[in-house]
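A structural walkthrough
Read off the chains here:
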Amino acid sequence: MPSVVWFDGFDHYASAGITTKWNMLWQQSIAPIISLTAGRKNYGLLLEWGANVHKSIPDTGTVTSGFAFRFTELQNKRIVAFRDEGVVQVYLALLDSGRLAIVRGDGTILGLSSTVLTALKFYYIEFNATISNSTGVIQLRIGGASELNLTLQDTQMSSNARVNMVSFGEMTINTSGAMHIDDVVITNGALLGPQKIDVIRPNGGVPGYMQMEVVGGAGSHYQAINEITPDSDTSHLYSQSAWRGSVVFSEYENIAEATGGAIPAIAVHTFTRKEYGNTRGFSNALFPGTVDGASGSLQYYNDPLYIETDYAYHSDIYETNPGTGGTWSVGSINALKAGFKRYL
Amino acid sequence: MSLLHIESFEGYDRDTVILNGGKYENWMSESSEDLVISNSYGRNSSTGLRLFTNSYTFTQRGSVTRHLNGNYDTIIVGAAIRLDNPNQSLEFTGNVTSHRTIFALADGSTIQAALSITPSMRLQVTQGESGSVLGRSTFYLHTGIFYYIEFKCLVSNTAGTFEVKVDGITRLTGGGDTQMSADQYINAIRLGAEGAFGTGSSGRYVRFDDVYIANTTVSTVYNDFIGDVRIEGLRPIGDRLTKQWVPSSGTVHFDMVDDLTPDTSNYITSGTIGDIDLFSVSSLLTPAGSILAVTPNMYARKTNAGVARIAAVVNRAGTNAFGEDQYLTQENRYHYNDVWVKNPIDNSQWASNLSSIYFGIKKSG
């Protein structure tokens, strides 16, 4: 299983599309919102207290959630919970003292941060837990610096020493205050340090690899799929029933702000649906450029993903450049072409 | 037959299901709390069923059950299913910790095996509805998206098997004890969770559309997974020359029986055995693709004591074929036991757009 399980910078979809990427949301009176107010640089996730979002992940005994966090009012609030199905194993909370607390699902506080957080300021928090009745481990970092490192803990509330859902937001009914979440990275254990997530979009076609139909008035293949937020059937690419095997690659924007440091992963998100009937699947695909030793002549097609009649994101995460087998560089991402191939 | 039932929820409403013990012939609600049939809840703006459903531990929920006309050791049920996001905190009521039943396969009132969705949105098969977990998928769903989910299950105390497909791909298989009653068969399919109405204030809406139920025996067609299908409701749009029944007003017949939901204020009647009315019907919205089956629906009642029967009619080029006789009661009910996987006139595949084919009703007894 890859180390990076999932990440999200909230910069390529609107509030109505949250569950096309996250698995579900709950709300009291105000739904989770994708908002410029909540982002560090661009958009972020605005959670009024009582609103929450949930991401299902593969079963794992150890999980880390890294994220940029800001709050508007000091209150005792849950920030992020690690669940085995519906059972909260352990969670991270903000206390009205401004400290962060690691809390087992039954309410037992396992540890407190020494750092006192203040409102209206972003902190990059990394919360790591290994689930066990007796040998659980907790790590907490703020801005990359260690706050807590607990061992031999009871971090398990369910009958299984596992986590399969990461839930952001307070679950109880409250009427004031909000939290801002951005640059979320979930791993199966690794603490990657503070991260920033950039979105790049198609900005050019790749001759020979524009094998689907442009529908909806877009001027070219890449223009049919380069929206800031998805416009569904308004402009799109269409693969007719007999066009199995059709491929589209696009050139992509350069990373706007290359801040240096390691790039743990990139993700390709394809927003797609099928028509009624039959089974339809596609593969996300990468076409690395001649950077970092890649040949620049080979395409790499991932495992098939199967699609539904409603639009949804179908994503793949690449921790290494398939053209080199090594880690990603800014240059290799800027030279990358990406796309998809109709599989079924 | 191998294809036992198809259902798009078009042509009737909630009251049709729940009043007077259910006016469907075989499609009844035993827990009708917050059960809605509406064109807001189907796929692509078509009509669908929305149930307020939750786990067997939660007391407020809706369900509908299709009672089958036979006992089958293996059943395949498919439906487009979408979970909505709740608008209240689930944690307060505790029901987030429970799974949500989607399909329950029953022998009478005993659930043999069930397919549910777990809190982390995985698919899970249990013995009975709350018994041993027989399998849990690694694949997980998202709310707000229709998935076409198919569940095939062989009932057995010792050699039960199951398979779950989502949009055509196998996501869960397994085996074990899939039998809870003394009988090794299934004779009812329930959508949603059953239970008495309670005081719960929160839960999860689940939408259903395009349902099929099949078994593996008798026929060699449609006796396994069928895959993602669309089911359309077509209504009469014109009279044919054969119109021997009597409209309750005026001279136009189809206008009496083309209601979006049942309207008993206008109708056609007949007191003469052998009378036939034929109608042209609306066009398919999705004419592409093969037509796997046609089910005629007739909403009818008799007016007095004695036996009264009707039969569905299909007509092509002047030739009629008839469905099974349906025995009427004095209460209006839907009658649609015929599932024609071939055109009964000549046992041929249905024409791709049902062109030049007409449907109607016969007073058969």
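Everything in this summary refers to the structure shown in the same document.

Reading the values: the criteria
- Residues numbered from 1 in each chain as written.
- Chains lettered and ligands numbered in written order.
- Predicted model: local features only at pLDDT ≥ 70, side-chain atom pairs only at ≥ 80, totals over all residues.
- Heavy atoms only, no water.
- Helix = DSSP H or I, 4+ residues; strand = E, 2+ residues; numbered from the N terminus.
- Rg over C-alpha atoms; globule rule 2.2 N^0.38 Å.
- Contact = heavy atoms within 4.5 Å.
- Lys, Arg positive; Asp, Glu negative; His and termini not counted.
- Charge placed at Lys NZ, Arg CZ, Asp CG, Glu CD.
- Buried < 20%, exposed > 50% of the residue type's maximum accessible area, 1.4 Å probe, protein only.
- Areas by Shrake-Rupley, 256 points an atom, 1.4 Å probe, with all protein chains shown as cover.
- Pairing = 2+ DSSP bridges.
- Axes fitted to C-alpha atoms, helices over the stretch in contact; angles between N-to-C directions.
- Phe/Tyr/Trp six-rings, centres within 6.5 Å; stacked < 30°, edge-to-face > 60°.
- Lys NZ or Arg CZ within 6 Å of the ring centre and 35° of its normal.
- Buried area = accessible area lost by both parts, 1.4 Å probe.
- Salt bridge = Lys/Arg side-chain N within 4 Å of Asp/Glu carboxyl O.
- Polar contact = N/O pair within 3.5 Å; in protein donor to acceptor, adjacent residues only side chain to side chain.
- Nonpolar A, V, L, I, M, F, W, Y, C, P; charged D, E, K, R; others polar.
- Core = buried A, V, L, I, M, F, W, Y, C linked by side-chain atoms within 4.5 Å.

Counting its regular elements, chain A contains one helix and 25 strands. On C-alpha atoms alone, chain A measures out to a radius of gyration of 21 Å, which is about the 20 Å that the 2.2 N^0.38 rule sets for 344 residues. The principal-axis extents of the C-alpha atoms in chain A amount to approximately 60 × 45 × 40 Å. The long-range share in chain A, meaning contacts at least 24 apart out of those at least 6 apart in sequence, stands at 68%. Across chain A, 22 positive and 30 negative side-chain charges occur, with their mean positions spaced 1 Å apart.

Counting its regular elements, chain B contains one helix and 25 strands. Taking all 365 residues of chain B together, the buried fraction comes to 57%. Residue pairs at least 24 apart in sequence account for 69% of intrachain contacts in chain B once pairs closer than 6 positions are excluded. Accessible area for chain B stands at about 13,900 Å²; split by element, carbon and sulfur atoms hold 46% of it.

The subject of this paragraph is the sheet that holds strand E5 (residues 52-60) of chain A. All names here are of chain A. Here we have seven strands laid out as an open sheet, ordered E2-E5-E14-E7-E8-E9-E10, and antiparallel in their pairing. Of all strands in the sheet, those with a lone pairing partner are strand E2 (24-26) and strand E10 (109-112), marking the two edges. If you compare each strand with its neighbour and ignore which way they point, the axes differ by 20° on average. Note that strand E8 (residues 87-94) and strand E9 (residues 100-104) share five bridges and pair antiparallel. Residue pairing across strands places Val 90 opposite Arg 104, the latter belonging to E9.

Residues and elements named next belong to chain A. Residue position: Met 212 is located in the loop between strand E16 (202-210) and strand E17 (213-215). Judged by relative accessible area, Met 212 falls into the buried class, the value being 10%. Along the primary structure Met 212 and Ile 255 are separated by 43 residues, whereas in three dimensions their C-alpha atoms are 27 Å apart. Not counting residues up to four positions away in its chain, the partners in contact with Met 212 are His 221, Leu 237, Tyr 238, Ser 239, Trp 243, Ser 246, Val 248, Phe 340 and Arg 342.

Moving on to the packing of aromatic side chains. Overall, the coordinates contain 19 aromatic pairs over all chains when judged by the stated rule. Where Phe 67 of chain A meets Phe 69 of chain A, the ring centres are 6.4 Å apart and the plane angle is 85°; that geometry is what we call edge-to-face. Considering the side-chain rings of Tyr 209 of chain A and Phe 287 of chain A, the 5.8 Å spacing of their centres and the 80° angle between planes classify their relative orientation as edge-to-face. Here Tyr 209 of chain A is found in strand E16, whereas its partner Phe 287 of chain A is found in strand E21 (residues 281-287), with 78 residues between them in sequence. Note on Tyr 209 of chain A: relative accessible area 22%, which makes it partly exposed. According to the relative accessible area criterion, Phe 287 of chain A is buried, its value standing at 8%. Following the ring pairs from residue to residue traces out a cluster consisting of Trp 6, Phe 10, Tyr 13, Trp 22, Phe 67, Phe 69, Phe 71, Phe 168, Phe 271, Tyr 311 and Tyr 313 of chain A. Taking NZ or CZ as reference, Arg 240 of chain B lies 3.6 Å from the ring centre of Tyr 358 of chain B, over its face.

Take the interface of chain B and chain A next. Listed by partner, the interface residues are 34 residues for chain B and 37 residues for chain A. Approximately 3,000 Å² of surface area, both sides summed, lies buried where chain B meets chain A, with 49% of it carried by carbon and sulfur atoms. Remark: the boundary between chain B and chain A carries five salt bridges. A salt bridge links Arg 136 of chain B to Asp 59 of chain A; the nearest nitrogen and oxygen atoms lie 2.9 Å apart. Taken together, the links from chain B to chain A amount to 17 residue pairs in polar contact (both at pLDDT 80 or more). Counting residues per element, the ones that place at least two in the side of chain B that touches chain A are strand E10 (133-140), strand E13 (169-176) and strand E15 (204-215) of chain B. Partitioning the side of chain B that touches chain A into residue classes produces twelve nonpolar, twelve polar and ten charged.

What follows covers the nonpolar core. Residues Phe 103, Ile 149, Phe 151 and Phe 208 of chain B are the most contacted members of the largest nonpolar core, which totals 51 residues. Per-element accounting of this core gives the leading share, five residues, to strand E6 (residues 74-83) of chain B. If near-sequence neighbours (up to four positions away) are discounted, Phe 208 of chain B is found in contact with Phe 9, Gly 48, Leu 49, Leu 51, Ala 79, Ala 80, Ile 81, Ile 102, Phe 103, Leu 191 and Gly 192 of chain B. If you look at the next biggest cluster of nonpolar residues, it comprises 46 residues, including Phe 69, Ala 129, Leu 148 and Phe 168 of chain A.

One non-glycine residue, Glu 85 of chain A, lies in positive phi territory at about 50°. Position of Glu 85 of chain A among the secondary structure elements: in the loop between strand E7 (77-84) and E8. What makes Glu 85 of chain A buried here is its relative accessible area of 10%. Residues other than glycine seldom take positive phi values, yet Asn 347 of chain B does so here, at roughly 60°. Position of Asn 347 of chain B among the secondary structure elements: in the loop between strand E24 (333-335) and strand E25 (357-363). On the basis of relative accessible area, Asn 347 of chain B is assigned to the exposed category, the value being 56%.

Before going further, it helps to spend a moment on the pattern of salt bridges. Side-chain pairs of opposite charge can arise where the charged atoms are in close proximity. All names here are of chain A. In total, this model carries 22 salt bridges over all chains according to the counting rule given. In this structure, the salt-bridge partner of Asp 183 is Arg 40, at a minimum N-O distance of 2.8 Å. With Asp 183 in strand E15 (residues 178-187) and Arg 40 in the loop between strand E3 (33-35) and strand E4 (44-48), the pair connects residues that are 143 residues apart, well separated along the chain. For Asp 183, a relative accessible area of 3% corresponds to the buried category. A residue is classified by how much of its surface remains accessible, and Arg 40, at 35% relative accessible area, is partly exposed. Arg 162 serves as the salt-bridge partner of Asp 59, at 3.8 Å between the closest nitrogen and oxygen.

Now for the environment of Leu 191 of chain B. With respect to the helices, strands and loops of the structure, Leu 191 of chain B is situated in strand E14 (residues 186-192). Take Leu 191 of chain B: its relative accessible area is 0%, and that puts it in the buried class.

Function cannot be read off these values alone, since they describe shape.
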